[in-house]
Amino acid sequence: MAKSLFEKVWDAHAVRKLANGQTQLLIGTHLIHEVTSPQAFGMLRDLGLKVLMPHRTFATVDHIVPTDQLVEPFADPLADAMIKELRKNCQEFGITFFDRSTGKQGIVHIVGPEQGITQPGTTIACGDSHTSTHGAFGAIAFGIGTTQIRDVLATQTMALGKLKVRRINVDGKLRPGVYAKDVILHIIRTLGVNGGTGYAYEYAGSVFDRFSMEERMTVCNMSIEGGARVGYVNPDETTFKYLEGRPYSPKGQAWTQAVASWRSFASDPGCHYDDVVNIRAEDIAPTVTWGINPGQGISIEEKIPDPSAAQAVDEKASIEEALAYMKLKPGAPIKGTKIDVAFLGSCTNGRLSDFQEVAKYIKGKKVAPGVKAIAVPGSQGVAVLCESLGIDKVLREAGFEWRAAGCSMCLAMNPDKLVGDQLCASSSNRNFKGRQGSPTGRTLLMSPLMVAAAAVTGQVSDAREVFHVRDLPAAV
Amino acid sequence: MSLEKITQVTGRAVNVPGNDIDTDRIIPARFMKCVTFDGLGEYLFFDVRKNADGTDKPHPLNDPRFKGATILLSGANFGCGSSREHAPQAIQKYGFRAIVAENFAEIFFGNCTTLGIPCATASREDIAKISAAVEANPKLDVVLDVAKQEIRFGNQTVKASIRDTARDALVNGRWDAIGELLEGKPAVLQTAAKLPYLAA
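Residues numbered from 1 in each chain as written. Chains lettered and ligands numbered in written order. Predicted model: local features only at pLDDT ≥ 70, side-chain atom pairs only at ≥ 80, totals over all residues.

Caption draft 1: Layout of the overall build of chain A. Tallying secondary structure elements over chain A gives 17 helices and 19 strands in all. Against the compact-globule benchmark of 23 Å for 476 residues, chain A has a radius of gyration of 21 Å, which places it among compact chains. Here the C-alpha coordinates of chain A stretch approximately 55 × 55 × 45 Å along the principal axes. Taking the intrachain contacts of chain A between residues at least 6 apart in sequence as the baseline, contacts between residues at least 24 apart amount to 76%. (Helix = DSSP H or I, 4+ residues; strand = E, 2+ residues; numbered from the N terminus. Rg over C-alpha atoms; globule rule 2.2 N^0.38 Å. Contact = placed C-beta atoms within 7 Å.)

Shown next as structure tokens:
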């Protein structure tokens, strides 16, 4: 019988049915970080349990690390306590820790793929909702809570109900200046922030076929912003090429066998989907959010919604709430909105190609006076690659601060925070109230090149105009 | 490990209205700089409850009439965003024992169930009815009957629903799965042996 990748991976990892009807699912790869794991290790100690498969558990530190202070102890004693706690836990339980001294540290969702730990046909869990990123490789990757981290540490499994699968086809050709970030913001806008509840999203179509692994990761990363806990792309030659030669990728004979096995996990033609959505690539424009959830986005050419034009009572209320918080004017163009901060980075858009694309266009331009612009590579690996290509230099010359690896201002658990009601053009994934560290701070989500355009003009701008994108070869 | 059988939750209720209330709003990220969950209750909804100078903003949880409420009412897509268990932990440590909303975000729902916090969905109209009743009489006892999937208050009864697997886990006292997962170890090792990438 024809099966989807989700079903194949699920079946290969289903251990048994539990009394309440859920499945005990084997989690092949467990990624942990400093924020959501310490309590899980505490629970493990309280119960007198050990980590069942320490060799399948990998740790790094990302959320709380300062990006401008490389020496310890950290100025923030709480952050310092958290990194030390993770170090202690990894040592006690025999877990590999990609600490800052290893040169492999970074955002957990960037490190896994970079090291070749993230592989097709596998199950992955991590105490972070953006774990869906790893689905770009054809893995089924779940964001989990701390009690479930305890479960995975102790048993390498968790209790789960099976998800439905929605296939999202994006076919055609993206217009120049339209990026993977725009694709996912468009999908979330179209299907809603809770449209994916109960579903795994399978992203497919000619746009995904042509996408690089980094572009696929950007889309899968934000699946959760559309309510889908899991998002994935079927593995193909692009996937295998990316993984070949990475530290944890199989080698020699094992590589050949692995590729054959990985290929077999791809969804079968004619398999059943619980839902299918078709999107035309040509309909997607550079997209910017104006509100307080990632579904509140519009194309750069559109105007900020007017609550008085809303169809439903609910929609009216949510537009009013968002505009009151964002201090934006209904009916005004989003283009021209003044910004205070530009943030390049995060697990959504903190990879080599993101900085490379910005560097290509920003060379010779300057960040507008009064705008604070920071570029934060997603991992030490990304930083080294960028630096070897001179990308850091181009960004610095343009007026960006080039920082050390971490989550940084995406959620501002480190010192990188908005102040007061500053407005930030951000390549990150969430525009929730207070998300970037100030209870009144405001976030506009957009692609890295749109962030760069906002940085150099000091206002929300169409990157295609600012950088004459049409004059250069299309990125995709 | 013997767990409480959560067949019903009885207590006063408070409505925190709105859709898409995300986990950053429930517990802002800066309060997650901790290595235990102790003390998270006081930071629940912090930025929408408190001004920068520490004084109270108008918020249902600051309304003295609703102090001591144990059932939280809200709108659609409650708990969206981050997977942080700090959110349900803060809700539980604040004193809530159950949540009733139009619907819940997936990860948040699972995290709550694992902590023994029933998340029941009810229609907007019915939530409005409960909300109106507790607004009129904040001392009114509201009963979320997990087993019967209904909510009783005053002389009214409305329908609630809780996903089968979660309801089973709650009413039979197996909402924390660790015991059962540990028992499965032989089967886990058998399944793992068939997957080459798990070899040590």
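Caption draft 2: View of the interface of chain A and chain B. In this assembly, 63 residues from chain A lie in contact with 51 residues from chain B. When residues of the side of chain A that touches chain B are traced back to their parent elements, those giving at least two are α1 (5–13), β1 (14–17), β2 (23–26), α2 (38–47), α3 (77–93), α5 (146–155), β8 (157–160) and α11 (313–326) of chain A. The element that contributes the greatest number of residues to the side of chain A that touches chain B is α5 of chain A, accounting for seven residues. Taken together, the residues of the side of chain A that touches chain B sort by class into 21 nonpolar, 31 polar and eleven charged. (Nonpolar A, V, L, I, M, F, W, Y, C, P; charged D, E, K, R; others polar.)

Caption draft 3: Representation of the domain arrangement of chain A within the structure. Residues and elements named next belong to chain A. Under the domain assignment used here, chain A contains domain 1 (5–275) and domain 2 (334–471). For domain 1 versus domain 2, the distance between C-alpha centres works out to 24 Å. On the side of domain 2, 34 residues touch domain 1, which itself brings 33 residues to the contact. Going through the elements one at a time, α4 (108–115), α6 (180–191) and α8 (213–221) are the ones with two or more residues in the side of domain 1 that touches domain 2. The greatest single-element share of the side of domain 1 that touches domain 2, amounting to four residues, is contributed by α4. Along the lines of polarity and charge, the residues of the side of domain 1 that touches domain 2 split into 13 nonpolar, twelve polar and eight charged. (Domains from an automatic or database assignment.)

Caption draft 4: Up close: the environment of K17 of chain A. Its location among the elements puts K17 of chain A in strand β1. Considered as a pair, K17 of chain A and A159 of chain A are 142 residues apart in the sequence and their alpha carbons are 9.0 Å apart.

Caption draft 5: Here's a closer look at the pairing of strand β6 (residues 142–145) of chain B. Residue and element names in this part refer to chain B. Burial along β6 is one-sided: the residues V142 and L144 are buried and none of V143 and D145 is. Where strand β1 (residues 8–11) lies against β6, four bridges are found, and the strand directions are antiparallel. Paired with T10 across the bridge in β6 is V143. Here β6 runs beside strand β7 (residues 150–153); their pairing, made up of four bridges, is antiparallel. Counted as the bridge partner of D145 is E150 from β7. Turn length for the β6-β7 hairpin, with the two strands adjacent in sequence and antiparallel, is four residues, and the turn residue Q149 shows positive phi of about 50 degrees. (Buried ≥ 20, exposed ≤ 12 C-beta atoms within 10 Å, placed from the backbone. Pairing = 2+ DSSP bridges.)

Caption draft 6: Structural detail: the nonpolar core. Counting 211 residues, the largest nonpolar core has A342 and L395 of chain A together with I71 and V100 of chain B as the members making the most contacts within it. Take this core: its biggest share by element is eight residues, from helix α16 (residues 448–457) of chain A. Here this core spans two domains, and each of domain 1 (5–275) and domain 2 (334–471) of chain A adds at least three residues to it. If sequence neighbours within four positions are ignored, A342 of chain A has contacts with V371, A373, A425, V451, A454 and A455 of chain A. (Core = buried A, V, L, I, M, F, W, Y, C linked by C-beta atoms within 7 Å.)

Caption draft 7: Here's a closer look at the sheet that holds strand β2 (residues 13–15) of chain B. Residues and elements named next belong to chain B. As summarised here, the arrangement of the four strands in space is β2-β3-β4-β5, forming an open sheet in which the pairing is parallel. Strands with a single pairing partner mark the edges of an open sheet, and in this sheet they are β2 and β5 (119–121). Neighbour-to-neighbour, the strand axes of the sheet open up by a mean angle of 20 degrees, direction not taken into account. Summarising the sheet, strand β3 (residues 71–73) and strand β4 (residues 98–101) pair through three bridges and their orientation is parallel. Paired with I71 across the two strands is A98, which belongs to β4. Packed onto the sheet, helix α5 (residues 124–136) meets β2, β3 and β4 and runs at close to 115 degrees relative to β2. (Axes fitted to C-alpha atoms, helices over the stretch in contact; angles between N-to-C directions.)

Caption draft 8: Region of interest: the sheet that holds strand β10 (residues 199–204) of chain A. Residues and elements named next belong to chain A. Pairing in this open sheet of four strands is parallel, and the strands run β11-β10-β9-β12 from one edge to the other. Single-partner strands in this sheet number two, and they are β11 (230–233) and β12 (275–280). Taking each pair of neighbouring strands and ignoring which way they run, the sheet shows an average axis angle of 20 degrees. Two elements, β10 and β11, share four bridges in a ladder whose sense is parallel. Each residue of the ladder has a partner; that of A200, found in β11, is V230. Sheet strands touched by α8: β10 and β11. Its angle to β11, the strand with the most contacts, is close to 160 degrees.

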